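# Results of the structural survey
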Amino acid sequence: MILYLHGFRSSPLSFKARMIGQYLEQHGRGNEYLCPQLSASPLQAIGQAEQLLSLHGAENVVLIGSSLGGYYATWLAEKYGCKAALLNPAVRPPRELEKYVGVTTAYHSDEVFEFKQEYVAELRSYEVPAITRPERYFLLAATGDEVLDWREMAEHYPAAQQLVIDGSDHGISDFEHYLDRVMAFCDGR
């Protein structure tokens, strides 16, 4: 089972989420994919993910986290021992997201939501200062990420499998070139 955790202001309609879902569908594995719409509240988003891990058995789930979803996936991987593929993961989201406190809109719809000040404190409670068992992580980081610093990502996941893309962008708009590599990690190949 693959549990995809999208980023801040994103959704299951994101480019990478849809591409992974289509890949699994084409390989007869569509029933192995979970991609919930995560709450803006980190506490609730983690609760949603934990509920799915409990329902499917954490030992049977591989996490894929993009941006803020990568931050969540790291905390969940440490707590439950899951494998996690991280796509331009946020390493210090309380710092990055503090400026978004207030009302904002989602990327893939006109849906308005509030990112509350208390959510920044919630984010801090899920910080993983250092990962354990780096073999359970795969990092895909783009040097052209215009939102987050790929060097912070690489430093935060030392000894993990890493694929640093020369160029690209935060959304990894050329993700189709790396999808097989991500899926190979998820499948233990």
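Refer to the structure presented above.
Residues numbered from 1 in each chain as written. Predicted model: local features only at pLDDT ≥ 70, side-chain atom pairs only at ≥ 80, totals over all residues. Heavy atoms only, no water.

### Structural notes on the overall build of the protein chain
- Tallying secondary structure elements over the protein chain gives seven helices and eight strands in all.
- Against the compact-globule benchmark of 16 Å for 189 residues, the protein chain has a radius of gyration of 15 Å, which places it among compact chains.
- If you line up the protein chain on its principal axes, its C-alpha atoms span 40 × 35 × 30 Å.
- Taking all 189 residues of the protein chain together, 53% fall into the buried category.
- In the protein chain, of all internal contacts separated by at least 6 residues, the share reaching a separation of at least 24 is 67%.
- About 8800 Å² of surface is accessible on the protein chain, with carbon and sulfur atoms providing 49% of the total.
- Taken together, the 16 basic and 25 acidic charged side chains of the protein chain have centroids lying 3 Å from each other. (Helix = DSSP H or I, 4+ residues; strand = E, 2+ residues; numbered from the N terminus. Rg over C-alpha atoms; globule rule 2.2 N^0.38 Å. Buried < 20%, exposed > 50% of the residue type's maximum accessible area, 1.4 Å probe, protein only. Contact = heavy atoms within 4.5 Å. Areas by Shrake-Rupley, 256 points an atom, 1.4 Å probe, with all protein chains shown as cover. Lys, Arg positive; Asp, Glu negative; His and termini not counted. Charge placed at Lys NZ, Arg CZ, Asp CG, Glu CD.)

### Brief notes about the pairing of strand β4 (residues 83-87)
- With four of five residues buried, β4 lies mostly within the body of the structure.
- With five bridges connecting them, strand β3 (residues 62-66) and β4 associate as parallel partners. When the bridges of β4 are listed, G65 appears paired with L86.
- Between the parallel pair β3 and β4, the chain is carried across by helix α3 (residues 68-80), and the sense of this crossover is right-handed.
- Direction of pairing for β4 relative to strand β7 (residues 137-142): parallel, over a ladder of four bridges. If you follow L86 over to β7, its bridge partner there is L139. (Pairing = 2+ DSSP bridges. Right-handed = clockwise from strand over helix to strand, strands pointing away.)

### A short note on α3
- With 13 residues, α3 ought to run about 18 Å at 1.5 Å a step, and its terminal C-alpha atoms sit 18 Å apart, in line with that.
- The buried fraction of α3 amounts to ten of the 13 residues, a majority that puts the element mostly inside the structure.
- Of the positions making up α3, those classed as buried are L68, G69, G70, Y71, Y72, A73, T74, W75, L76 and A77. (Expected span 1.5 Å × (residues − 1).)

### So, the pattern of salt bridges
- Summed over the entire model, instances satisfying the criterion amount to nine salt bridges.
- In this structure, the salt-bridge partner of R29 is E32, at a minimum N-O distance of 3.0 Å.
- According to the relative accessible area criterion, R29 is buried, its value standing at 18%.
- Classification of E32 as partly exposed rests on a relative accessible area of 27%.
- Here E135 and R133 are joined by a salt bridge, their closest N and O atoms 3.1 Å apart.
- Several salt bridges converge on common partners, so that one network encompasses R29, E32 and D187. (Salt bridge = Lys/Arg side-chain N within 4 Å of Asp/Glu carboxyl O.)

### Section: the packing of helix α2 (residues 42-56) against α3
- Where α2 contacts α3, the axes come no closer than 11 Å and their chain directions differ by 45 degrees. As far as their axial angle goes, α3 and α2 are oblique. As for the relative orientation of α2 and α3, their crossing is right-handed in sense. When α2 is examined against α3, the residues P42, A45, I46, A49, E50 and L53 are found in contact with a partner set consisting of Y72, W75, L76, K79 and Y80.
- Counted by class, the contact of α2 with α3 contains nine nonpolar, no polar and two charged residues. (Axes fitted to C-alpha atoms, helices over the stretch in contact; angles between N-to-C directions. Parallel < 35°, antiparallel > 145°, perpendicular 65-115°, else oblique. Left-handed = near helix turned anticlockwise from the far one by under 90°. Nonpolar A, V, L, I, M, F, W, Y, C, P; charged D, E, K, R; others polar.)

### Re the pairing of strand β8 (residues 161-165)
- One ladder, built from five bridges, connects β7 with β8; its direction is parallel. Residue pairing for β8: F138 is matched across the bridge by Q161.

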